[in-house]
Amino acid sequence: MLFTNLAGVALIALIVWWFWLYKPGEDAMNDSSSIIIVESGTYQPSHIRLPAGQPAELSFMRKDASPCSEIVQIPELEISESLPLNKTMTIHIPPMKKGEYEFHCQMQMYRGVIHVE
Ligand SMILES: [Cu+2]
């Protein structure tokens, strides 16, 4: 009985670690569930991994009031959206082929990459 309980606790600990604590590199995101923070000249995270051939959603939260950060563009997908200040803005991404897709602000000071694999 004790053994089963320990195994159960270990399993729960593993699940908690995997879903809430495991961060594969501070600057990377492996799915579209988190929010990209736009602040101080950077997208955080700036590297996003998405699976090929599936539509996705990316959420941006712009915390920088400078006009520089307002527009986010993904040129290869012909996406250009303006981000409201301090609000979450979700951008719908069509299914993509494998490759790297840059996203950036109008002046290309904020820069990020979507890795599709
Ligand atoms: Cu800019």
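Computed from a prediction, not measured in an experiment: that's the story for all the values here. (Residues numbered from 1 in each chain as written. Predicted model: local features only at pLDDT ≥ 70, side-chain atom pairs only at ≥ 80, totals over all residues. Heavy atoms only, no water.)

Turning to the pattern of salt bridges, a few remarks are in order. Enumeration over the complete set of coordinates arrives at two salt bridges. When the shortest N-O distance is used, the salt bridge between Arg 49 and Glu 117 registers 3.3 Å. Of this pair, Arg 49 sits in strand β4 (residues 47-50) while Glu 117 is found in the segment after β10 (111-116), placing the two residues 68 residues apart along the sequence. Among the salt bridges present, the one from Glu 102 reaches Arg 111, with a minimum N-O distance of 3.1 Å. The class for Arg 111 is partly exposed, based on a relative accessible area of 40%. (Salt bridge = Lys/Arg side-chain N within 4 Å of Asp/Glu carboxyl O. Helix = DSSP H or I, 4+ residues; strand = E, 2+ residues; numbered from the N terminus. Buried < 20%, exposed > 50% of the residue type's maximum accessible area, 1.4 Å probe, protein only.)

Moving on, we come to the coordination of the copper ion. Within the protein, Cys 68 (SG) and Cys 105 (SG) serve as the donor atoms for the copper ion, at 2.0 to 2.2 Å. Of the two residues, Cys 68 is situated in the loop between β5 (56-62) and β6 (71-74) and Cys 105 in the loop between β9 (99-104) and β10; the sequence distance between them amounts to 37 residues. Like Cys 105, Cys 68 is buried. (Donors = N, O, S within 2.8 Å, 3.2 Å for Na, K, Ca; no water.)

The next thing to look at is the side chain of Ser 69. With respect to the helices, strands and loops of the structure, Ser 69 is situated in the loop between β5 and β6. On the accessibility criterion, Ser 69 (1% relative accessible area) is buried. At 2.9 Å, the side chain of Ser 69 and the backbone oxygen of Asp 64 are in polar contact. Separated by 2.9 Å, the side chain of Ser 69 and the backbone oxygen of Ser 66 make a polar contact. (Polar contact = N/O pair within 3.5 Å; in protein donor to acceptor, adjacent residues only side chain to side chain.)

Another point: the sheet that holds strand β8 (residues 88-93). Strand order in the open sheet formed by four strands is β3-β2-β5-β8, and the pairing between neighbours is mixed. The two strands at the open ends of the sheet, each matched to only one other strand, are β3 (42-44) and β8. For this sheet, the mean angle separating the axes of adjacent strands, direction not counted, is 30°. Pairing geometry for strand β2 (residues 35-39) and β3, over three bridges, is antiparallel. Within the sheet, the bridge partner assigned to Ile 37 lies in β3 and is Gln 44. (Pairing = 2+ DSSP bridges. Axes fitted to C-alpha atoms, helices over the stretch in contact; angles between N-to-C directions.)

Moving on, we come to the nonpolar core. As a rule of thumb, soluble globular proteins bury nonpolar side chains together. Ranked by size, the top nonpolar core spans 25 residues in total, and within it Tyr 43, Phe 60, Ile 93 and Ile 114 carry the most contacts. Breaking this core down by element, the ones donating at least two residues are β2, β4, β5, β6, β8, β9 and β10. If we skip the residues at most four places from it in the chain, Ile 114 touches Ile 48, Leu 50, Leu 58, Ile 74, Met 96, Gly 99, Glu 100, Tyr 101 and Phe 103. (Core = buried A, V, L, I, M, F, W, Y, C linked by side-chain atoms within 4.5 Å. Contact = heavy atoms within 4.5 Å.)

Within β5, six of the seven residues are buried, which leaves it mostly tucked inside the rest of the structure. As judged from the six bridges shared by β5 and β8, these two strands associate in the antiparallel manner. Bridge assignment links Leu 58 to a residue of β8, and that residue is Ile 91.

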